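Each chain, written out:
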Protein chains: 2
Amino acid sequence: MNAPLTLADERRMANAIRALTMDAVQAANSGHPGMPMGMADVATVLFNRFITLDPSAPDWPNRDRFVLSAGHGSMLLYAINHLLGYDDMDIDQLRNFRQLGYRTAGHPEYGHAKGIEVTTGPLGQGLATAVGMALSERLGNARFGDLIDHFVYVIAGDGCLMEGVSHEAIDLAGHLGLGHLVVLWDDNRITIDGDTDLSTSTDQAARFAAAGWHVLKVDGHDAAEIAEALSAARRDPRPTFIACRTIIGFGAPNKQGGHDVHGAPLGAEEIAATRTALAWDHSPFDIPADVREAWRKIARRGAQARADWNKTLAASSRGAQFEALRRADPAPLAAAMADYKAKLAADRPKVATRKSSQMALEVVNAALPFTIGGSADLTGSNLTLTKGLAPVRPGDFSGRYVHYGIREFGMSAAMNGIALSGLFRPYGGTFLAFADYARPAIRLAALMGVPTVFVMTHDSIGLGEDGPTHQPVETLASLRAIPNLTVLRPCDAMETAEAWEIAMASTTTPVLLALSRQNLPALRTTAETANRSARGAYVLRDVEGVRDVTLIATGSEVEIAMKAADLLAGDGIRAAVVSAPSFELFGQQDRAYRTETLGTAPRVGVEAAIRMGWDAVLRPDDRFVGMTGFGASGPADRLYDHFGITDAKVADAARALL
Amino acid sequence: MNAPLTLADERRMANAIRALTMDAVQAANSGHPGMPMGMADVATVLFNRFITLDPSAPDWPNRDRFVLSAGHGSMLLYAINHLLGYDDMDIDQLRNFRQLGYRTAGHPEYGHAKGIEVTTGPLGQGLATAVGMALSERLGNARFGDLIDHFVYVIAGDGCLMEGVSHEAIDLAGHLGLGHLVVLWDDNRITIDGDTDLSTSTDQAARFAAAGWHVLKVDGHDAAEIAEALSAARRDPRPTFIACRTIIGFGAPNKQGGHDVHGAPLGAEEIAATRTALAWDHSPFDIPADVREAWRKIARRGAQARADWNKTLAASSRGAQFEALRRADPAPLAAAMADYKAKLAADRPKVATRKSSQMALEVVNAALPFTIGGSADLTGSNLTLTKGLAPVRPGDFSGRYVHYGIREFGMSAAMNGIALSGLFRPYGGTFLAFADYARPAIRLAALMGVPTVFVMTHDSIGLGEDGPTHQPVETLASLRAIPNLTVLRPCDAMETAEAWEIAMASTTTPVLLALSRQNLPALRTTAETANRSARGAYVLRDVEGVRDVTLIATGSEVEIAMKAADLLAGDGIRAAVVSAPSFELFGQQDRAYRTETLGTAPRVGVEAAIRMGWDAVLRPDDRFVGMTGFGASGPADRLYDHFGITDAKVADAARALL
């Protein structure tokens, strides 16, 4: 670390953030000046004295991570990244804050610009994602020593700490003792509606302490206090929470400290007054050379650190292993999967797809060292644990299995953080019905394009007695609605193996597996080289001659469709069966394949869920056998009968079309 | 309160719960014996010495509420309700636990049996819903004094306290000082995966204290300690958290204290051993007369309390007002709304539908005293506050507006609790994109059939600069997927007024309003008696002669469709425009109306969202102008251009069909 600048210098560095913020928000005529101006001093001390990163190599694996959980304060990040010299964040980007076609989106968007570690804005999730990053750091450190030894810094606001996911995040981080996680709370006591005492009385320091955190309080405008706290944070083995008492909109003489400064431009008059108050006599978007140089010095320090690290990597006996892990190459899976599929073809196991998922995972986890498994306290139900995967525990991060606790949202956000860290591929389980709890993180995975794998079992009324609260009915449709999410609902062990191949090969799309609780027969009984599920839908059972009807089904209902085809064959009706594990992948096939697969005959769709979304493969006059409302509590077979999802009903629906 | 029974009596009363639980789970061959057996002593003391309710009048407004937040322990509730003598919970129901057609569903389902105050199972939500009940209690007390003066008792497990929503719930309850809320934590240190120390280290007592709660710890098998704590809870002005240290599966000599007893039958051998250990020498489902009598005594005490309360009501000067509130009759709205609509027809305001929602709410809140408004810290954006609605504050519950804080899920669950309490009709706002955060509570409202009103503004890319994290794209589809939820997306001030009429008239269906950020012109410019939106979709602009094309749009895109129709008219193409504020309501109309409305001409659908769900009104060859992926950050009008949702593109799509 270089020698600290004087306080006066750091205030000027911070004022550069303030000026860029107020000018950019004014130019956009929209945005949030309050937080960046309030937290500018904290951020400046953090970057100036502590953070190590190299703007010329934004993907350097051992960089410190900076997560702006309070994403509405995006100008804080853009201003800093501009000042640090990221080559894609020139002043023109700041001048065009929040404009279409620029990198400076209203909230920081992962992938839009370098140095944005995670998309933030949906409150609390930056913090929860950072927990995954800090976990990944410890996992990496346990494997590679000082090749991975960095900090994860989070700026969080009142909103982040009010959101429920913050509880899941801090509980997990405190439990695991993620000592390289530091949360800086912008304690400005202002929310959109007014003072925070309109809606909260929680003692945040006591709350974090209760979760096992190291807790400190500072004046967020006192550089020495901030620096001392950050030093203490780095020394303490626990995650650290620093409450930074700040004045929102600091520097704006007439507006600071009030809720009007949170999310609206200051206006020309107040901006002029702020320039005077801050003694900042520079034009809009003009940064004096000495201040620019002070920020660039941080970047040079980081570049030197990366150069040193490169030497460490070159000298490391674990360097090759490290690089291999980072590549996340699924190729080693191919041979093992071929053997496994041959065995499946021979054995034809009748097992639930959650069980065949575990069987496939045995192969995956043995072949691919970069997977990190877990479950939201449903390990024995989701069947996400495989042989030899030791649990990740406080003080021992050598394992590969995380007991995420009863925290579906926190787990999913943490998995996104692990995926973003670039060393590991996370997968984690819960019941499909509780995808609703995790949904905001599933959406963010899709928006960011990170290949998190969501293992969702008990995927229909087939879960039986737990009843409608636990039975997905609309859940598949609601997940298929999310852009850039691949939903896979395999029908047997072979398709489940293929689903895991698809998941491990995915690089920019999260994958969600919907798996049955109940046993399902082997329907794919030959081992094939091609991954048929990768086409989304395919003819599982064809007819001789011309099709009379096409039955299309997914997951556990493919068995029903196959039996219905038998019934129809008894009547001399030629019914083809299309297995459709993924509507998204099918939609990506060319028209010729889609037309050939679906055929021109009347169609019957079968899924123990609502029809919405099925119009991807059904026409208005086709039939659908499925659910029209919520489920019920009872044994699974009774429920299938009760709701009319049976081979006989499918056959009836087919006959009605002929 | 009657004189306490001796300890020995209460242990026998509790053992009745244990025996019924283990026998019912065994008969079902599925279920969760661990929690009911572990918490039987706590529940017995609670009911025997404190709870006041009358099984013969389960809807008595001033009954104490008992919420089994750990819903998987449903047998605890069923056993108690059987023992108390609820007339729909005979022993046959318990013998058929978890069977189709019986009231004893796997998890307690509101409406399936008397004495089930809320559907539980999705963890944490029982607690969060109870916060709404406890808030409703204080609101009622502020208005009606001792007509509403009861307690809300919650049994919560480790899962409830790990879920993020628990944080939102306890933070809000602690802030508001909901002193009649008592949470009994089943501190058994066991989760499904194993010991709780696999995944949590939080000091729950310290955590609740940090949120402003009164905190106590007891031995959950010591009746005197439990009773003392409950007495202290009732005396303290704060909400109370009682950590009850229990042994999961208490009484099963070889299985208690382990995670195997959480969710599986004990087995015949262990059941026999448990009978011996508990000295319970009765046949399965057989309850000795003295134990039954002890439980019935509780019911008689409640019946007497209710009789006394009826006298109080009869004597109360506020009795009529109280009864009127409970009826929640929307009739007084009719005249005021007619006036308001006439004014709209005259003024033709060009305002955002979030603004016209506020305008309509001014009418609603003035006419209907039973509404309770609020927002998740977006009051100025959601425009949910109207004149004269004072905020609900700690110590002052006379207001009608709740600052729920940045807690979308907690707000929504609390609103469900308010609705379930039967005195008030809650509505609350957030951004539509954050329906994802609230989704588990929206689903539960739909499943329970409670008429909570969700006010969701900023309903498309029309929100502009905040960008894709804040822009709903798949959200409308995902909400329309939920059974028994009415989604309304009005196109102008008149439709918004109609939407509020629909919301206030709904009794068993939650209503979600999707409202624009951006201004929209008046398209319905005559005041009509009939509520046209109530039909879900209707012809807004008809053609002379035969239609060439039908343009169907919702919300902010109806304006675009109208302009497109103008463009087409310029080419001599006769385009009708159908406004479709609610697909659900349209789906409930008869076929003749639907056919007449949609017509037989080619159709173009327009919505700034994905196409999924539109096949309710579009055929495969029809066109759709909307979104295919996530949005972007920029001014709204630029985004509409960028994504091709314009009058010109709609007209092009129409021409392409002709």
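Residues numbered from 1 in each chain as written. Chains lettered and ligands numbered in written order. Predicted model: local features only at pLDDT ≥ 70, side-chain atom pairs only at ≥ 80, totals over all residues. Heavy atoms only, no water.

If you look chain A up in an unreviewed UniProt entry, it shows as Transketolase from Paracoccus subflavus. What UniProt states about chain A under its Function (unreviewed entry) heading is, verbatim, "Catalyzes the transfer of a two-carbon ketol group from a ketose donor to an aldose acceptor, via a covalent intermediate with the cofactor thiamine pyrophosphate." (UniProt positions renumbered as here; feature names shortened; annotations may be inferred.)

Now for the domain arrangement of chain A. Residue and element names in this part refer to chain A. Split by domain assignment, chain A resolves into domain 1 (13-312), domain 2 (330-514) and domain 3 (535-656). A C-alpha centroid distance of 33 Å is found between domain 1 and domain 2. Tallying the contact residues gives 28 residues for domain 1 and 31 residues for domain 2. Taken together, domain 1 and domain 2 are joined by one salt bridge. (Domains from an automatic or database assignment. Contact = heavy atoms within 4.5 Å. Salt bridge = Lys/Arg side-chain N within 4 Å of Asp/Glu carboxyl O.)

Looking now at the relation of the copies chain A and chain B. Placing chain A over chain B gives an RMSD of 0.0 Å and needs a rotation angle of 180°, together with 0.0 Å of translation along the axis. A rotation of that kind, with that shift, is consistent with a two-fold axis. When the interface residues of chain A are mapped onto chain B, 100% of them again lie at the interface, so the same face is used by both copies. (Least-squares fit on C-alpha atoms with pLDDT ≥ 70 in both.)

Our next topic: the pairing of strand β18 (residues 575-579) of chain B. Residue and element names in this part refer to chain B. Burial analysis of β18 places five of its five residues in the buried class, which makes it a mostly covered element. As paired elements, strand β17 (residues 549-553) and β18 share five bridges and run parallel to each other. Bridging across to β18, Leu551 finds its partner in Val577. (Buried < 20%, exposed > 50% of the residue type's maximum accessible area, 1.4 Å probe, protein only. Helix = DSSP H or I, 4+ residues; strand = E, 2+ residues; numbered from the N terminus. Pairing = 2+ DSSP bridges.)

We now examine the packing of aromatic side chains. Enumeration over the complete set of coordinates arrives at 34 aromatic pairs over all chains. Here Tyr427 of chain B and Trp500 of chain B contribute two aromatic rings whose centre-to-centre distance is 5.4 Å and whose plane-to-plane angle is 80°, an arrangement assigned as edge-to-face. Note that Tyr427 of chain B is positioned in strand β11 (residues 425-431) and Trp500 of chain B in helix α19 (residues 493-505), a separation of 73 residues in sequence. We classify Trp500 of chain B as buried; its relative accessible area is 0%. Seen in terms of ring centroids, Phe431 of chain B and Phe434 of chain B are 6.3 Å apart; in terms of plane orientation they differ by 25°. Their pairing is stacked. For Phe431 of chain B, a relative accessible area of 8% translates into the label buried. The rings of Trp60, Phe144, Trp309 and Phe322 of chain A are connected pair by pair, giving a single aromatic cluster. Against the face of Phe583 of chain A rests Arg480 of chain A, its NZ or CZ located 4.1 Å from the ring centre. One residue, Arg535 of chain B, lies across the ring of Tyr593 of chain B, its end atom 3.8 Å from the ring centre. (Phe/Tyr/Trp six-rings, centres within 6.5 Å; stacked < 30°, edge-to-face > 60°. Lys NZ or Arg CZ within 6 Å of the ring centre and 35° of its normal.)

A few words now on helix α16 (residues 408-421) of chain B. Residue and element names in this part refer to chain B. Between its terminal C-alpha atoms α16 stretches 20 Å, which fits the 20 Å expected from 14 residues at 1.5 Å a residue. Among the 14 residues that make up α16, 14 are buried, leaving the element largely enclosed by the rest of the structure. The first or second residue beyond α16 is Gly422, which carries a positive phi of 90°. (Expected span 1.5 Å × (residues − 1).)

All right, on to the interface of chain A and chain B then. The interface of chain A with chain B comprises 92 residues on the first partner and 92 residues on the second. Taking both sides of the interface into account, the surface hidden between chain A and chain B amounts to around 7700 Å²; carbon and sulfur atoms contribute 58%. Of all residues in chain A, Leu100, Tyr437 and Arg443 of chain A bury the most surface against chain B, accounting for 10% of the area lost on that side. Inspection of the region where chain A meets chain B yields six salt bridges. A salt bridge links Asp466 of chain A to Arg98 of chain B, with the shortest nitrogen-to-oxygen separation between them at 2.6 Å. Remark: the boundary between chain A and chain B carries 58 residue pairs in polar contact (both at pLDDT 80 or more). For the side of chain A that touches chain B, the elements supplying multiple residues, two or more each, are α6 (158-162), α7 (164-176), α8 (204-210), α15 (379-382), α16 (408-421), α17 (435-448), α18 (475-480) and α23 (636-642) of chain A. Take the side of chain A that touches chain B: its biggest share by element is eight residues, from α17 of chain A. (Buried area = accessible area lost by both parts, 1.4 Å probe. Polar contact = N/O pair within 3.5 Å; in protein donor to acceptor, adjacent residues only side chain to side chain.)

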